[in-house]
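Residue-level structure breakdown
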Amino acid sequence: MAESKQSSLNGAYYGPPVPPRDTYRSVGRSSSCCCCGPCCLLCNLVKFIVSIVITLGIVVLVLWFIFRPNDIKAHVDGASLTQFNYTTSTGSLSYNLSLNMSIRNPNKRISIYYDYLEARASYDGFRFGYAPLPAFYQGRKSTAALTPKFQGAQVVTEDGVAETYARETGEGFYYVDVRVYAKLRLKVWVFKIRYNRPRIDCSLKLPVPGTAGSFEETKCHVHHF
């Protein structure tokens, strides 16, 4: 009996068996498709380009909110209508119209590139004149001058123009609409941002040539598209 107890005490005891370590792969830490060689280089390049684009986008967005642009202001300061004759027999409208316009950039930190400009003139819904205008750069808080000129003759295709012309001739004033279309870029520090395409609408009250009427300075309205 003593010997059996002694033998059990002399035997090694290691406790309960330890379960084997689970071997698994974490789903979130699995190897990516870009492992080595050219594939790895291409993957890193794409990541770098994406990070640069995102960073620039954030910078531009922050600058946009900091330097939010104010709308340009436009006026027609002077107008000269030396010819505006409608011939009933031929349906032809002969015209000679010159304008002095001013465009104001009210922004303190933003300058403007006018990449494209054109002016169109219409009477009673009929477009009769077109005038391309030179592109230019406008600095901060500055005013630029435009001088669109319309001269020529057009056959009127719209109904009702003859009646409108006869009535307004008797009243002593012609009502002509001039629109200026533009393509802009904004310059903020060293960044140049392509802006929307504004349209400047000017509704003009022009005295009939040869009468005592005078033109009054007209404020234009700016619309964005």
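Just so it is clear, the structure is predicted and the values come from calculations on it, not from any experiment.

It is characteristic of soluble globular proteins that their nonpolar side chains tend to be buried jointly. If you look at the biggest cluster of nonpolar residues, it comprises 44 residues, and the most contacted ones within it are Phe84, Phe128, Phe150 and Val176. Residue assignment for this core shows that the elements contributing at least two residues are β1 (73-87), β2 (92-105), β3 (110-123), β4 (126-133), α3 (161-171), β8 (173-188) and β10 (199-207). Per element, the largest residue contribution to this core is eight residues, and it comes from β8. Excluding its chain neighbours within four sequence positions, the residues that come into contact with phenylalanine 150 are Tyr95, Asn96, Leu97, Leu99, Ala119, Arg120, Ala121, Gly129, Tyr130, Ala131 and Val178.

Following the criterion strictly, the structure yields 10 aromatic pairs and no others. Relative to tyrosine 165, the ring of tyrosine 86 has its centre 5.8 Å away and its plane inclined at 50 degrees; by these criteria the two rings are tilted. With a gap of 79 residues between them, tyrosine 86 in strand β1 and tyrosine 165 in helix α3 connect regions that are remote in the sequence. For the ring pair tyrosine 123 and tyrosine 174, a centre distance of 6.3 Å and an interplane angle of 90 degrees mean the geometry is edge-to-face. Of this pair, tyrosine 123 sits in strand β3 while tyrosine 174 sits in strand β8, and the two are 51 residues apart along the sequence. Neither tyrosine 123 nor tyrosine 174 differs from the other in exposure class; each is buried. An aromatic cluster of three or more residues is present, and its members are Phe84, Tyr86, Tyr95, Tyr123, Phe128, Tyr165 and Tyr174. One Lys or Arg, lysine 183, reaches over the ring of tyrosine 116 and ends 5.6 Å from the middle of that ring.

Taken together, Arg104, Lys108, Arg109 and Lys141 make up a surface patch of like positive charges. With respect to the helices and strands, the residue arginine 109 is situated in the loop between β2 and β3.

Residues that lie three or four places apart on an α-helix share one face, since the helix turns once every 3.6 residues. Buried within α3 are the following residues: Val161, Thr164, Tyr165 and Glu168. With its buried residues spanning 100 degrees around the axis, α3 presents them on a single face. Within α3, the exposed residues directed more than 90 degrees away from the buried face are Glu163, Ala166 and Gly170. Buried residues belonging to α3 abut β1, β3, β4 and β8.

Structurally, a disulfide amounts to a covalent bond that connects the sulfur atoms of two cysteines. On inspection of all chains with the given rule, the structure shows one disulfide. What pairs with cysteine 202 in a disulfide is cysteine 220, and their sulfur atoms sit 2.0 Å apart. Its torsion about the S-S bond being 110 degrees, the disulfide of cysteine 202 and cysteine 220 is classed as right-handed. Within this pair, whereas cysteine 202 is found in strand β10, its partner cysteine 220 is found in the loop between β11 (218-219) and β12 (221-223), the two being separated by 18 residues in sequence.

Now for unusual backbone geometry. Leaving glycine aside, a negative phi is the common case for residues, and trans is the common case for peptide bonds. Despite not being glycine, lysine 141 has its phi angle at roughly 45 degrees, a positive value. We note that tryptophan 189 has phi near 55 degrees; this positive angle belongs to a residue other than glycine. Following the sequence through the fold, tryptophan 189 ends up in the loop between β8 and β9 (191-194). A residue is classified by how much of its surface remains accessible, and tryptophan 189, at 58% relative accessible area, is exposed.

About the cut-offs
- Residues numbered from 1 in each chain as written.
- Predicted model: local features only at pLDDT ≥ 70, side-chain atom pairs only at ≥ 80, totals over all residues.
- Heavy atoms only, no water.
- Core = buried A, V, L, I, M, F, W, Y, C linked by side-chain atoms within 4.5 Å.
- Buried < 20%, exposed > 50% of the residue type's maximum accessible area, 1.4 Å probe, protein only.
- Helix = DSSP H or I, 4+ residues; strand = E, 2+ residues; numbered from the N terminus.
- Contact = heavy atoms within 4.5 Å.
- Phe/Tyr/Trp six-rings, centres within 6.5 Å; stacked < 30°, edge-to-face > 60°.
- Lys NZ or Arg CZ within 6 Å of the ring centre and 35° of its normal.
- Patch = residues over 30% accessible without salt bridge, like charges linked within 9 Å, V, L, I, M, F, W, Y side chains within 5 Å.
- Areas by Shrake-Rupley, 256 points an atom, 1.4 Å probe, with all protein chains shown as cover.
- Salt bridge = Lys/Arg side-chain N within 4 Å of Asp/Glu carboxyl O.
- Lys, Arg positive; Asp, Glu negative; His and termini not counted.
- Charge placed at Lys NZ, Arg CZ, Asp CG, Glu CD.
- Arc of directions from axis to C-beta.
- Disulfide = S-S within 2.5 Å.

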